[in-house]
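# Summary of structural features
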Amino acid sequence: QVQLVESGGGLVQPGGSLRLSCAASGRIFRVNAMGWYRQAPGKQRESVAVIPNGGSTNYADSVKGRFTISRDNAKNTVYLQMNSLKPEDTAVYYCNARIRTAVIGPFDDYWGQGTQVTVSS
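This part is about the pairing of strand S11 (residues 115–119). The alternating pattern of S11 places Thr-115, Val-117 and Val-119 on a buried face and Gln-116 and Thr-118 on a face that is not buried. Two elements, strand S2 (residues 10–12) and S11, share three bridges in a ladder whose sense is parallel. Paired with Leu-11 across the two strands is Thr-118, which belongs to S11.

Set out below in structure tokens:
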């Protein structure tokens, strides 16, 4: 009923930039926080950046000053601008959104399918 579709991953050299996008569609009444997570091989999934529906954003220490998260509420879309990329940023990036699908009821977590980001020369 709700889909999150990501785009924008790929291969980039160290110091380069990429912009990820994630659009939520389907039966959506309200979207709360949206965010990006990543999982490198052999590691646990970690939070990269989260943007609430109002309020301040939150970044992992490892990406502060390099990554910027933003959202377009009219399009139910979240973006991640990644600059000064490093090899250690290599991972599968997943978007997440807390969505309510009815007038009343809980917010549930929805996840995108993941997009590969590889930083290598």
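Next, the rest of the story.
Another point: the sheet that holds strand S8 (residues 77–82). Overall, antiparallel pairing links the four strands, which are arranged S1-S3-S8-S7 in an open sheet. Since the sheet does not close on itself, it has two edges, and those belong to strand S1 (2–7) and strand S7 (67–72), each with one partner. Going across the sheet, the axis of each strand differs from the next one's by a mean of 15°, ignoring polarity. The pairing of strand S3 (residues 18–26) with S8 spans six bridges and is antiparallel. Note that in S8 the partner of Leu-20 across the bridge is Leu-80.

By the definition in use, this model includes one aromatic pair. An angle of 65° between the planes, with centres 5.0 Å apart, marks the rings of Tyr-37 and Trp-111 as edge-to-face. A residue pair is termed long-range when its members are at least 10 positions apart, and Tyr-37 in strand S4 (residues 30–39) and Trp-111 in strand S10 (residues 108–111) qualify at 74 residues. Accessibility expressed as a relative area gives 37% for Trp-111, which makes it partly exposed. Sitting above the plane of the Tyr-79 ring, Arg-19 keeps its charged end 4.2 Å from the centroid. Cation over ring: Arg-45 sits above Trp-111, and NZ or CZ is 4.7 Å from the ring centre.

Parameters at a glance
- Residues numbered from 1 in each chain as written.
- Predicted model: local features only at pLDDT ≥ 70, side-chain atom pairs only at ≥ 80, totals over all residues.
- Heavy atoms only, no water.
- Buried < 20%, exposed > 50% of the residue type's maximum accessible area, 1.4 Å probe, protein only.
- Helix = DSSP H or I, 4+ residues; strand = E, 2+ residues; numbered from the N terminus.
- Pairing = 2+ DSSP bridges.
- Axes fitted to C-alpha atoms, helices over the stretch in contact; angles between N-to-C directions.
- Phe/Tyr/Trp six-rings, centres within 6.5 Å; stacked < 30°, edge-to-face > 60°.
- Lys NZ or Arg CZ within 6 Å of the ring centre and 35° of its normal.

Distances and angles like these do not, on their own, reveal function.
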